[in-house]
Amino acid sequence: MEPTTGHEVVESWLAEHMDDLVAWRRHIHANPELSRTEFGTTEFVESWLVKAGLEPRKLPSGTGLICDIGPDGPRIGLRADMDALPLQEYTGLPFASTVPGVSHACGHDAHTTILLGTALALAEIGDLPVGVRLVFQHAEEVMPGGAIDMVAAGAMEDVSRMFALHCDPRLEVGRVGIRVGPITSAADTVELVLDSPGGHTSRPHLTSDLVYAIGTVITGLPGLLSRRIDPRTSTVMVWGAVSAGKAPNAIPQTGMLTGTVRTGDHATWSLLEPMVREIVEGLLAPTGVRYQLNYKRGVPPVVNDEQAVRMFEDAIRGLGSDVLADTPQSGGGEDFSWYLEEVPGAMARLGVWSGQGEQLDLHQPTFDLDERALAVGVRVLTNIVLSAG
């Protein structure tokens, strides 16, 4: 019997093409490309969309593409990121990365495959209840990220809501997590370069003690931020690297500190840079050490819209009563947030842990995922579209 409903068409497509989904994911996994060099991945996706009778539009840079399906008018946007990480893979898989020092350790191979499968399944449905904009995004792993390029290229024109899935190795395959409000954090970078005349450690009073100044900032900036900002905003300042001097009896002339400031609150994000600058100036002024503060704003937090979350929840419940899961806010950054600066939307977390063995984290060189999650992702995204009418 021929499938008659949209959901039946999707299930029929998955039954016929599950092996293709796995093969696509493994092809992309074995051929990872760094941010802004995703030419092969873009062409791979484009070729399958064209075979399905669709008309993808590649960005002028040659990486990233947009494709519309369904009727004109306000559209639902679905986004997947395509880039890999500068990280050597150590999974030992037969389809492991063939590119030295580059791997898909964040699940973007799965994200791309799921959106491609969603596109081809939707293309077989005669009349969609709403138009769909597919956004295959490049350069999520760098700042400024590819989402800004996509917005500039018109990806959000006529889009009323935006949705995305992200792999979560803490959730078992078959489950999908979602929450209202912030689900990721803003992530900014602080670089502090210091210099002083230097001198002998027996006479610190005759110079500006650069190491003492560094220590003051290392403890003082995170501490004072924690007293100036509401702790309910999940704001945290952490240093990642410090360097100064070599000799035990010489006060060094130069030093450097680098770290990140993260917050889950959008309003707080706008306050962080001037506050960091004010605190650093106050801490270093008494030391006499000169400095240059380089503050690089990253991405806003992804703040899930309540109505978009309800749409996600309905789509997830369509897979079964035990699929929907709660999920905590992450301290990581994600440039999907730039789309949500334009329209409401939501990101959900797709369970990819097999349920057995160690739960590996994202960005680990041994990260892998349970490929049963690919079909789960296609079902969730197609359900969003089919339930939107």
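Our structure's up above, just so we're on the same page.
As the structure is a prediction and not an experimental result, all values here were calculated from the model.

**Let's talk about the overall build of the protein chain**
For step 1, the next point in the chain: Per the secondary structure count, the protein chain includes nine helices and 16 strands.
For step 2, the next point in the chain: With respect to the principal axes defined by its C-alpha atoms, the protein chain has extents near 90 × 45 × 40 Å.
For step 3, the next point in the chain: Of all 389 residues assigned to the protein chain, the portion counted as buried reaches 51%.
For step 4, the next point in the chain: The long-range share in the protein chain, meaning contacts at least 24 apart out of those at least 6 apart in sequence, stands at 80%.

**Focus on helix α7 (residues 306-317)**
For step 1, the next point in the chain: Between its first and last C-alpha, α7 extends 16 Å over twelve residues, near the 16 Å set by a 1.5 Å rise per residue.
For step 2, the next point in the chain: Regarding α7, the residues found buried are Ala-308, Val-309, Phe-312, Glu-313, Ala-315 and Ile-316. The buried residues of α7 occupy an angular sector of 165° when the element is viewed end-on, so they sit on one face.
For step 3, the next point in the chain: Each element contacted by the buried residues of α7 is listed here: β5 (159-172), β6 (176-177), β14 (303-304), β15 (324-325), β16 (345-353) and α9 (373-386).

**Comments concerning the layout of surface pockets**
For step 1, the next point in the chain: Here the largest pocket is characterised by a volume of approximately 640 Å³.
For step 2, the next point in the chain: Taken together, 28 residues line the largest pocket, and the ones lying closest to its centre are Glu-140, Gly-332, Gly-333, Glu-334 and His-363.
For step 3, the next point in the chain: Mapped by element, the contributors of at least two residues to the lining of the largest pocket are β5, β8 (186-195), β12 (254-263) and β16.
For step 4, the next point in the chain: Looking at the lining of the largest pocket residue by residue, the classes come out as ten nonpolar, eight polar and ten charged.
For step 5, the next point in the chain: There are two domains that each give the lining of the largest pocket at least three residues, and those are domain 1 (6-184 + 302-387) and domain 2 (186-296).

**Topic: the packing of aromatic side chains**
For step 1, the next point in the chain: All told, the structure shown has five aromatic pairs when counted by the stated rule.
For step 2, the next point in the chain: Plain terms: the ring middles of Trp-13 and Trp-24 are 6.4 Å apart, the flat faces sit at 45° to each other, and that makes the pair tilted.
For step 3, the next point in the chain: With a relative accessible area of 2%, Trp-13 lands in the buried category.
For step 4, the next point in the chain: Taken together through their ring pairs, the aromatic side chains of Trp-13, Trp-24 and Trp-48 make up a single cluster.
For step 5, the next point in the chain: Above the plane of the ring of Trp-48 lies Lys-51, whose end atom (NZ or CZ) is 4.2 Å from the centre.
For step 6, the next point in the chain: Of note, Arg-297 hangs over the ring of Trp-269, and the distance from its end group to the ring centre comes to 3.6 Å.

**So, the packing of helix α1 (residues 6-30) against helix α3 (residues 108-123)**
For step 1, the next point in the chain: Contact geometry for α1 and α3: axes closest at 9 Å, N-to-C directions at 150°. Handedness of the α1/α3 crossing: right-handed. Residues Val-9, Val-10, Trp-13, Leu-21, Trp-24, Arg-25, Ile-28 and His-29 of α1 touch α3, and the partners they reach there are Asp-109, Ala-110, Thr-112, Thr-113, Leu-116, Gly-117, Leu-120 and Ala-121.
For step 2, the next point in the chain: Of the residues contributing to the contact of α1 with α3, the split by class is ten nonpolar, four polar and two charged.

**Brief notes about the packing of helix α2 (residues 39-51) against α3**
For step 1, the next point in the chain: Remark: α2 packs on α3, axes separated minimally by 10 Å, with the N-to-C direction vectors making an angle of 15°. Judged by the inter-axis angle, α2 sits roughly parallel to α3. Read as a crossing pair, α2 and α3 show a hand that is right-handed. Here α2 contributes Thr-41, Phe-44, Val-45, Trp-48 and Leu-49 to the contact with α3, which in turn contributes Thr-112, Leu-116, Ala-119 and Leu-120.
For step 2, the next point in the chain: Along the lines of polarity and charge, the residues of the contact of α2 with α3 split into seven nonpolar, two polar and no charged.

**Structural notes on the sheet that holds β12**
What holds strands together in a sheet is hydrogen bonding between their backbones, with the strands either parallel or antiparallel.
For step 1, the next point in the chain: Read from one edge of the open sheet, four strands run β10-β12-β8-β13, paired in antiparallel fashion. Each edge of the sheet is formed by a strand with only one pairing partner; in this case those strands are β10 (236-244) and β13 (290-299). For this sheet the average axis-to-axis angle between neighbouring strands, irrespective of direction, equals 15°.
For step 2, the next point in the chain: Direction of pairing for β8 relative to β13: antiparallel, over a ladder of eight bridges. Residue Leu-192 lies in a different strand from β13, and its bridge partner there is Leu-293.
For step 3, the next point in the chain: Packing against the sheet, helix α5 (residues 210-228) makes contact with β8, β10 and β12, and its axis sits at approximately 170° to β10.
For step 4, the next point in the chain: The strands touched by helix α6 (residues 266-284) are β8, β12 and β13; relative to β13, the strand with the most contacts, the crossing angle is about 165°.

Each value, and the rule that gives it
- Residues numbered from 1 in each chain as written.
- Predicted model: local features only at pLDDT ≥ 70, side-chain atom pairs only at ≥ 80, totals over all residues.
- Heavy atoms only, no water.
- Helix = DSSP H or I, 4+ residues; strand = E, 2+ residues; numbered from the N terminus.
- Buried < 20%, exposed > 50% of the residue type's maximum accessible area, 1.4 Å probe, protein only.
- Contact = heavy atoms within 4.5 Å.
- Expected span 1.5 Å × (residues − 1).
- Arc of directions from axis to C-beta.
- 1 Å grid on protein atoms, 1.4 Å probe; cavity = no way out; pocket = protein on both sides within 12 Å on 5 of 7 lines; lining within 4 Å.
- Points joined across faces, edges and corners; volume = space filled by probe spheres on them.
- Nonpolar A, V, L, I, M, F, W, Y, C, P; charged D, E, K, R; others polar.
- Domains from an automatic or database assignment.
- Phe/Tyr/Trp six-rings, centres within 6.5 Å; stacked < 30°, edge-to-face > 60°.
- Lys NZ or Arg CZ within 6 Å of the ring centre and 35° of its normal.
- Axes fitted to C-alpha atoms, helices over the stretch in contact; angles between N-to-C directions.
- Left-handed = near helix turned anticlockwise from the far one by under 90°.
- Parallel < 35°, antiparallel > 145°, perpendicular 65-115°, else oblique.
- Pairing = 2+ DSSP bridges.

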